[in-house]
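Take a look at the letters that make up each chain.
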Amino acid sequence: LAKLTPFHEVTYGNTGLRAELQGQAYYQPKSSDRFVFAIRGYFGTLIGVPLAQSPGDYLFFSGGGDSVRGYGYQSRGVTTGGVFSGGRSTFNASAELRMKLNDKFGLVAFADAGAIGRGSVPDFGGSLFMGAGIGVRYQTPVGPLRLDLARGLNRVAGDPPFAIYLGLGQSF
């Protein structure tokens, strides 16, 4: 999935582009209908406008159930001059091993990683953060009910020791 959003903001007179690219892949061994390996990658960038003049709703955050589990929702961004905000770029990757126990229940083991950047490319060296965890799935008529328990692997002061996520449908 690719999404391009050109924009012109009037406060500073900047013209820019918000670009997003997301991909997912699934592999199920032919020898087993119990296991599925799933991966997801997401990249976003904001081009043509400096961070301080970027529209706030176009900035990228990470953390939480839809990006890197084990951290608070949108708790990862950039800090400039003591002020926390979103960044101009992001990268998130997730991998899951899904195991079907029976017609109703399944287990999941997962690992997520993400990075946020001040520039148009994320800073993988300085801001890479990772989370891992396990989950239970219960199949309902409208999709799996999921309960995940995750831990941030490189937490900082103020991060929770673990996070719990409850949702309907696969995480991706």
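Right above here is the structure, for reference.
Just so you know, these numbers come straight off a predicted model, no measurement behind them. (Residues numbered from 1 in each chain as written. Predicted model: local features only at pLDDT ≥ 70, side-chain atom pairs only at ≥ 80, totals over all residues. Heavy atoms only, no water.)

### Let's talk about the packing of aromatic side chains
(1) Moving on: Taken as a whole and judged by the stated rule, the model has five aromatic pairs.
(2) Moving on: A centroid spacing of 5.8 Å and a plane angle of 45° characterise the contact between Phe61 and Phe84, whose relative ring orientation is tilted. A residue pair is termed long-range when its members are at least 10 positions apart, and Phe61 in the loop between strand E3 (35-47) and strand E4 (78-80) and Phe84 in strand E5 (residues 83-85) qualify at 23 residues.
(3) Moving on: On the basis of relative accessibility, which here comes to 28%, the residue Phe61 falls in the partly exposed class.
(4) Moving on: Look at Tyr71 and Phe129: their rings are 5.3 Å apart centre to centre, the planes differ by 80°, and that puts the pair in the edge-to-face class. Remark: Phe129 occurs in strand E8 (residues 129-140) and Tyr71 occurs in the loop between E3 and E4; sequence separation between them is 58 residues. Just as Tyr71 is buried, Phe129 falls in that class too. (Phe/Tyr/Trp six-rings, centres within 6.5 Å; stacked < 30°, edge-to-face > 60°. Helix = DSSP H or I, 4+ residues; strand = E, 2+ residues; numbered from the N terminus. Buried < 20%, exposed > 50% of the residue type's maximum accessible area, 1.4 Å probe, protein only.)

### Considerations on the pairing of strand E2 (residues 14-27)
(1) Moving on: Bridge count between strand E1 (residues 2-9) and E2: eight bridges; the pairing is antiparallel. Bridge pairing in E2 places Pro6 opposite Leu17.
(2) Moving on: Strand direction decides the pairing type here: E2 and E3, joined by 11 bridges, are antiparallel. Among the inter-strand pairings, Gln24 is bridged to a residue of E3, identified as Arg40. (Pairing = 2+ DSSP bridges.)

### A few points about the sheet that holds E1
The pairing of strands in a sheet happens through backbone hydrogen bonds and is either parallel or antiparallel.
(1) Moving on: Strand order across the open sheet formed by eight strands is E1-E2-E3-E6-E7-E8-E9-E10, with antiparallel pairing between neighbours. Because the sheet does not close on itself, it has two edges, and the strands there are E1 and strand E10 (163-168). Pairwise comparison of adjacent strand axes, ignoring direction, gives a mean angle of 15° for this sheet. (Axes fitted to C-alpha atoms, helices over the stretch in contact; angles between N-to-C directions.)

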